[in-house]
Amino acid sequence: MNRRQFLKASLASSLLGLNACANWQIRSQQKAHVVIIGGGFGGATAARYLRLYCPEIRISLIEPKTVYTACPGSNRVITGLAELASLSFGYQGLNQAYHIDILPTRVTAIDAVSKRLQLQTGDHLRYDHLILAPGIRLRWDTIEGYSEILSQQFPHAWQAGPQTLLLRDQITALPDNGTVLICPPADPYRCPPGPYERASLIAHWLKRHKPRAKILILDPKRSFSKQALFEQAWRQHYAYGTEKALIEWHSLADNPIQAIDPKSHTVITEFGDKFRGDVINLIPPQTAGQIAIETGLTDQSGWCPINPLSSQSLLVPGDAARPRSC
Ligand SMILES: Cc1cc2nc3c(=O)[nH]c(=O)nc-3n(C[C@H](O)[C@H](O)[C@H](O)COP(=O)(O)OP(=O)(O)OC[C@H]3O[C@@H](n4cnc5c(N)ncnc54)[C@H](O)[C@@H]3O)c2cc1C
């Protein structure tokens, strides 16, 4: 989608939002109850704008964490350019300034027919309209030997928080001539430029503190997001493409990483090639959040097909943002 199409689609969805809001108030004699699952960027933004569009309705946001740690900026934390605290936010503002009920729990099941949610607390909650924004699920079944437990030793740092700090500490403790392996997943995944932004920031830190160290990006892709821009900057700052390069990018599209051996600190490709890293940042493939899968909102790809104008699911029909003319 180009910028022009995106702006048109955004405007159209805003109008649909307004229209849907009018529908909700007309259809129900009582205040409509909109429930939002997930208080990340998606859910919290939806809650805020819904309140601005629809001052009268009841809005509840369900999010188990009382403090949300944002991923954008977390690569800066890894190299000491920012503190994790600067990326951490509570929900008081949404509650106090926007009158959104915050429920600090997890949704364990959705009954889309009777419009009822089951909560981890054991309670049930009814809704008139549901917005689902549960983020991603990391797939632990794709790299042999890798697991959530092993991510305590070889961090993915793809969910900001303790994982970010672990990767920061490992980079800080890297031997002077050490090697950092960054292993991004195949497309699609959250934040396509993220691994390359991470490599750039780590290189910035290494250049000053450990100039004999090296970063190898072992990529299952043939090309990556914003490649020309990244490579231009890497050539300018990190001797990219020369023998002295601080960053090397290797496309392993025909021979992707298949396993990790924790004992020897190596990742192993399909054809048996081995790469050793003092630090291994293994970012596993991803799907839509677990609750989206359990609710039948995902297709074989593991992601949720939607109508891009209304964000409605194409698999579980609903009426949240359907314009009156439909
Ligand atoms: C390293 C990195 C750097 C990034 N940098 C940028 C950037 O510079 N700019 C940018 O735009 N984006 C960036 N991103 C992407 C950005 O973080 C995501 O696009 C964004 O977090 C998506 O928001 P979300 O609300 O969909 O999901 P999330 O932020 O993951 O929020 C989902 C929330 O849902 C909650 N949840 C899940 N399941 C349930 C349930 N069953 N019940 C209740 N709650 C539930 C979770 O607790 C979570 O808080 C980056 C990502 C990474 C990993």
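Residues numbered from 1 in each chain as written. Predicted model: local features only at pLDDT ≥ 70, side-chain atom pairs only at ≥ 80, totals over all residues. Heavy atoms only, no water.

### Re the overall build of the protein chain
- Counting its secondary structure elements, the protein chain contains eight helices and 18 strands.
- Going through the 326 residues of the protein chain one by one, you find that 43% of them count as buried.
- A fraction of 63% describes how many contacts in the protein chain between residues 6 or more apart in sequence connect residues 24 or more apart. (Helix = DSSP H or I, 4+ residues; strand = E, 2+ residues; numbered from the N terminus. Buried < 20%, exposed > 50% of the residue type's maximum accessible area, 1.4 Å probe, protein only. Contact = heavy atoms within 4.5 Å.)

### Here we look at the packing of aromatic side chains
- For the structure shown, the criterion picks out nine aromatic pairs.
- Centre to centre, the rings of Trp 140 and Tyr 146 are 5.6 Å apart; their planes meet at 50°, and the pair counts as tilted.
- On the basis of relative accessibility, which here comes to 25%, the residue Trp 140 falls in the partly exposed class.
- With relative accessibility at 4%, the residue Tyr 146 sits in the buried group.
- An angle of 45° between the planes, with centres 6.3 Å apart, marks the rings of Phe 224 and Phe 230 as tilted. Here Phe 224 and Phe 230 have matching classes, each one buried.
- Put simply, the rings of Tyr 196, Phe 224, Phe 230, Trp 234, Tyr 240 and Trp 249 pair up and form one aromatic cluster.
- Taking the ring centre of Tyr 49 as reference, the NZ or CZ of Arg 48 above it sits at 5.1 Å. (Phe/Tyr/Trp six-rings, centres within 6.5 Å; stacked < 30°, edge-to-face > 60°. Lys NZ or Arg CZ within 6 Å of the ring centre and 35° of its normal.)

### Notes on unusual backbone geometry
- Cis geometry marks the peptide bond from Asp 187 to Pro 188, where omega comes out at -10°.
- Counting through the fold element by element, Pro 188 comes out in the loop between strand S11 (179-183) and helix H6 (194-209).
- Despite not being glycine, Lys 115 has its phi angle at roughly 55°, a positive value.
- Structurally, Lys 115 is set in the loop between strand S6 (107-111) and strand S7 (116-119).
- The backbone of Lys 226 sits at a positive phi, close to 60°, despite the residue not being glycine.
- A relative accessible area of 51% places Lys 226 in the exposed class.

### A few points about the packing of H6 against helix H7 (residues 227-238)
- Running from N to C, H6 and H7 point in directions that differ by 5°, and their axes come no closer than 11 Å. By the angle between their directions, the pair H6 and H7 is classed as roughly parallel. In contact with Tyr 196, Glu 197, Ala 199, Ser 200, Ala 203, His 204 and Lys 207 of H6, H7 contributes Phe 230, Trp 234, His 237 and Tyr 238. (Axes fitted to C-alpha atoms, helices over the stretch in contact; angles between N-to-C directions. Parallel < 35°, antiparallel > 145°, perpendicular 65-115°, else oblique.)

### Some words on the nonpolar core
- Of all hydrophobic cores here, the largest spans 30 residues; its most connected members are Ile 171, Tyr 196, Leu 206, Ile 215, Ile 217, Trp 234 and Ile 247.
- Mapped onto this core, the elements with two or more residues apiece are strand S10 (136-138), helix H5 (162-172), S11, H6, strand S12 (214-219), H7 and strand S13 (247-251).
- Looking at this core element by element, the count peaks at six residues for H6.
- If we skip the residues at most four places from it in the chain, Leu 206 touches Leu 174, Pro 211, Ala 213, Ile 215 and Leu 246.
- With 20 residues, the next largest nonpolar core counts Ala 47, Tyr 68, Ala 82 and Leu 84 among its residues. (Core = buried A, V, L, I, M, F, W, Y, C linked by side-chain atoms within 4.5 Å.)

### Let's talk about the site of the ligand
- Lining the immediate environment of the ligand, one finds 26 residues, of which Gly 42, Glu 63, Tyr 68, Val 107 and Arg 190 sit closest.
- The backbone of Gly 42 places a nitrogen or oxygen atom 2.7 Å from an oxygen atom of the ligand.
- In this structure, an oxygen atom belonging to the ligand sits 2.6 Å away from a side-chain N or O atom of Glu 63.
- Within the complex, the protein chains bury 77% of what would otherwise be the 980 Å² of accessible surface of the ligand.
- When residues of the shell around the ligand are traced back to their parent elements, those giving at least two are helix H2 (41-53) and helix H3 (74-78).
- Structurally, the shell around the ligand is a two-domain feature, drawing no fewer than three residues from each of domain 1 (3-135 + 289-294) and domain 2 (138-286). (Near = heavy atom within 4 Å. Polar contact = N/O pair within 3.5 Å; in protein donor to acceptor, adjacent residues only side chain to side chain. Areas by Shrake-Rupley, 256 points an atom, 1.4 Å probe, with all protein chains shown as cover. Domains from an automatic or database assignment.)

### Thoughts on the confidence of the model for the protein chain
- Across the protein chain, the average pLDDT comes to 91, with 89% of residues at or above 70.
- Across residues 320-326, confidence stays below pLDDT 50; counting only partners more than four residues off in sequence or on other chains, it has 16 contacts. (pLDDT = per-residue confidence, 0-100.)

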